[in-house]
Amino acid sequence: MDARYIEQLVREVIKQMSNVAGEENTPAASACAQVGKAECDLQPGKDYPLAEKRPELIRTATGKKLEELTIENVLNGRITPQDVRITPDALLMQARIAEACGRKQLAQNFRRAAELTRVPDERILEIYNALRPYRSTRAELLAIADELEQKYGARINAAFVREAADVYERRGRLRTA
Amino acid sequence: MAKRSKRFEVLAKRPVNQDGFVAEWPEVGLIAMNSPFDPKPSLKIENGRVVEMDGKRREDFDMIEQFIADYFIDVSVAPEVMTMDSAQIARMIVDINVPRTEIARLAQGMTPAKVVEVLGHMNIVEIMMGMMKMRARKTPANQCHVTNLRDNPVQIAADAAEAALRGFAEQETTVGVVRYAPFNALSLLVGSQTGRGGVLTQCALEEATELQLGMRGLTSYAETISVYGTEQVFVDGDDTPWSKAFLASAYASRGLKMRFTSGTGSEVQMGYAEGKSMLYLEARCVMLTKGAGVQGLQNGSISCIGVPGAVPTGIRAVAAENLITMMLDLEVASGNDQTFSHSDIRRTARLLPQFAAGTDFIFSGYSAVPNYDNMFAGSNFDIEDMDDYLILQRDLMVDGGVRPVSEEEVVAVRNRAARALQAVFKELGLPEITDEEVEAATYAHGSEDMPPRKVAEDLKAAQDMIARGVTGLDVVKALAKHGFEDIAQNILNMLKQRVSGDYLHTSAILDQHFHVISAVNDLNDYRGPGTGYRLSKERWEEIKNIVQALRPEDMEI
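All names here are of chain A. If you check helix H9 (residues 138-152), its first and last C-alpha atoms are 21 Å apart, about what 15 residues at 1.5 Å a residue would give, namely 21 Å. Among all positions in H9, only Leu141, Ile144, Ala145, Glu147, Leu148 and Tyr152 are buried. Along the axis of H9, the buried positions cluster into a sector of 160 degrees, meaning they face one direction only. Exposed positions of H9 whose direction lies more than 90 degrees from the buried face are Ala139 and Gln150.

Between chain B and chain A, the residue contacts involve 74 residues of the former and 64 residues of the latter. Both sides of the chain B and chain A interface together cover about 5700 Å² of buried area, and 59% of this is carbon and sulfur. Looking at the side of chain B facing chain A, the largest losses of area belong to Phe246, Arg254 and Val499 of chain B, adding up to 13% of the total buried there. Where chain B packs against chain A, one counts 10 salt bridges. With a shortest N-O distance of 3.8 Å, Arg132 of chain A and Asp238 of chain B are connected by a salt bridge. Inspection of the chain B/chain A interface yields 32 residue pairs in polar contact (both at pLDDT 80 or more).

This paragraph deals with the confidence of the model for chain A. On average, chain A scores 85 in pLDDT, and the residues at 70 or more come to 77%. Confidence drops under a pLDDT of 50 for residues 16-36 of chain A, and excluding neighbours within four residues, the segment shows 24 contacts in the predicted structure.

It is worth spelling out the environment of Ser253 of chain B at this point. All names here are of chain B. By the secondary structure assignment, Ser253 is in helix H12 (residues 241-253). Judged by its relative accessible area of 1%, Ser253 is buried. With 248 residues separating them in the primary sequence, Ser253 and Gly501 have C-alpha atoms 9.5 Å apart. Side-chain polar atoms of Ser253 contact the backbone oxygen of Ala250, separated by 2.7 Å.

Residue and element names in this part refer to chain B. Ordered by their spatial adjacency, four strands build an open sheet running E6-E5-E4-E11, and the pairing between neighbours is parallel. Single-partner strands in this sheet number two, and they are strand E6 (200-203) and strand E11 (364-367). Taking each pair of neighbouring strands and ignoring which way they run, the sheet shows an average axis angle of 30 degrees. Of the pairings in the sheet, the one linking strand E5 (residues 170-173) to E6 comprises four bridges and is parallel in character. Its bridge partner lying in E6, Glu172 is registered against Gln202.

All names here are of chain B. Remark: helix H14 (residues 278-291) packs on helix H16 (residues 314-327), axes separated minimally by 10 Å, with the N-to-C direction vectors making an angle of 25 degrees. As summarised for this structure, H14 and H16 are arranged roughly parallel, according to the angle between their axes. As H14 runs across H16, the sense of the crossing is right-handed. Side by side, H14 and H16 meet where Leu279, Glu282, Ala283 and Val286 of the first sit next to Ala317, Ala320, Glu321, Ile324 and Thr325 of the second.

Residue and element names in this part refer to chain B. Relative to each other, helix H8 (residues 153-166) and helix H20 (residues 435-443) sit at 40 degrees, their axes nearing to 9 Å. Considered as vectors, H8 and H20 are oriented oblique to each other. Here H8 runs over H20; the crossing is right-handed. Facing Val154, Gln155 and Ala158 of H8, the residues of H20 in contact are Glu437, Val438 and Ala441. For the contact of H8 with H20, a count of residues per class yields four nonpolar, one polar and one charged.

Bringing a nonpolar patch on the surface into the picture now. Residues and elements named next belong to chain B. Where nonpolar side chains cluster on the molecular surface, the patch consists of Ile124, Val125 and Met129 and spans about 230 Å² of accessible area. Inspection of the secondary structure puts Ile124 in helix H7 (residues 124-134). The exposure class assigned to Ile124 is partly exposed, which follows from its relative accessible area of 31%.

Next up on the list: the sheet that holds strand E1 (residues 43-46) of chain B. All names here are of chain B. Reading across from one edge, E1-E2-E3 is the order of the three strands in this open sheet, with antiparallel pairing throughout. With one partner strand each, in any of the chains shown, E1 and strand E3 (56-57) form the two edges of the open sheet. Summarising the sheet, E1 and strand E2 (residues 49-53) pair through four bridges and their orientation is antiparallel. Among the inter-strand pairings, Glu46 is bridged to a residue of E2, identified as Arg49.

Rules and cut-offs
Residues numbered from 1 in each chain as written. Chains lettered and ligands numbered in written order. Predicted model: local features only at pLDDT ≥ 70, side-chain atom pairs only at ≥ 80, totals over all residues. Heavy atoms only, no water. Helix = DSSP H or I, 4+ residues; strand = E, 2+ residues; numbered from the N terminus. Expected span 1.5 Å × (residues − 1). Buried < 20%, exposed > 50% of the residue type's maximum accessible area, 1.4 Å probe, protein only. Arc of directions from axis to C-beta. Contact = heavy atoms within 4.5 Å. Buried area = accessible area lost by both parts, 1.4 Å probe. Salt bridge = Lys/Arg side-chain N within 4 Å of Asp/Glu carboxyl O. Polar contact = N/O pair within 3.5 Å; in protein donor to acceptor, adjacent residues only side chain to side chain. pLDDT = per-residue confidence, 0-100. Pairing = 2+ DSSP bridges. Axes fitted to C-alpha atoms, helices over the stretch in contact; angles between N-to-C directions. Parallel < 35°, antiparallel > 145°, perpendicular 65-115°, else oblique. Left-handed = near helix turned anticlockwise from the far one by under 90°. Nonpolar A, V, L, I, M, F, W, Y, C, P; charged D, E, K, R; others polar. Patch = residues over 30% accessible without salt bridge, like charges linked within 9 Å, V, L, I, M, F, W, Y side chains within 5 Å. Areas by Shrake-Rupley, 256 points an atom, 1.4 Å probe, with all protein chains shown as cover.

Put into structure tokens, the structure is as follows:
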């Protein structure tokens, strides 16, 4: 085993630990907390698809169970658009599945997405537009990064937007006026 | 020439001679692969960070190169694979004794120039062998286009229902008039779920609008998220790798499946190929897609097929770009989706690599409407070619993702979809769909067979529908109230997918029981004859039994 492999292994472990800590800080990480950590050691073969094999782990954004999403409840108004939204928890579980399949970038996308569940639709569309070329000054992008981090706890996305600010500056893709 | 050969006069009139061809011109990027100006593979890593890639130093990286270096290249694999002989790697791709997982592992350490050098050693049959082994989902499938010249919603619903019945796993619509988009998405949703529960639908629009329709529950996935291989074209397309990667996460945060789109020839067409070959630039697109954490990519030249189609070995390069995508363990919706040639022979040959080898979506998409109604500028195969296509499946014993259907069941399902949409329009207070329109859509071939609608009224109502915040749940309610409980249930089941997120994984589709089939639980395990995807007995019976075939019991002897 060479040194680089060891180093990478350690980095991965640290990353996992910091992610678990991050999840515990958010209320949406409740499913994993409730059923215990061992239950969250998801395996693609035995646990996927989660809706079929582990339905007890899935909740809507408003805490309802999948089985409550019925026509009857839609008609009587118990189910609203908020109930057909994914939780950060479900995305983090899917990230674990993706990682177990060897798809680390897909897993990282799910982790960024888990953070973005907390950002309203309109704001997401605005931030996307702000990231397009020549739309924002460096200061504007950095302000978005701060907002993502402080208001929504979106640390990975904040770092991503800060990186974009650096790249856009180096390549002359910021708005100048 | 004073006197012409009658032979050459006949040949000059053949359809293929209406196609455009061009000699290679590497300086402007009019070369399919292996341009003399393509960079040579190289990679230097210092402290776990890429400091040189394909002959360029880190400080000179453009946005795409920096993104690939930092988000794609696996520095734990790169030193191993970058020193391997490219011809040897090409041989491993077709070697049934080397598993798919090993190729996928090695591919994560390759630079764009390296993977293009590997593919350069492969002929078209070897590329097809590679596709058969490397595509992510074991079971192949197909996607279709459902559009029409007048954005007629009743016709969209009927065509979507028929296409779902015919077996397409995904359906894509787009608009003639942009303001019709909410109606097109709604009609496709209702129609598809009438034909077969579990079909995924999308509406191709400007990026932000497309996301908004998805958030409302009127579509279930997105695909028109374009990426390009040079920085200038990327920026001209009004995006950067960072904005597109953010958009990818935005989709996942709403539980929506999505893939990126790219394709050989787009950079030449947009005038900034930087003198690189089409395949080299496309390799950069595939790698940045992987780096962004997107589960899949629509490529195979797509709307630029005329460009690789015009140069030598261009159609081989198109198959090669599909293969690169598969090697990177990404879903591929593999093109064949724009009118490509005047020659029926040529357009069939262009299809064969994806069709015979099998891909996640052989077409992206097959035109489920007449060529004149296809708002994506036609497709390589249209609804008029459906019987030919069904017989190609039967001739070659290939699963092309569709099934023979009877006229009676098509008429019935088109009628039901049109009536269901009529009920939804009524319940949501949208402009009336008349019984005359339902009847026309039931028996129509194309928009020429449909009575005209009051377009101004439709457009106003479509905008109003968005302003009022109509969502997929309102559609469920409307259907249930008007006696279409099964379709209501199907749409609710589609909405439930976005709560669990199972269909966000690589190559995911849904069967009629809403069971997710993806590269997690249906991973391609091809290891030579007798392994990987094989037609089941039931599926082969379905493909075999075309109505045109004579049976002994039908003969009067």
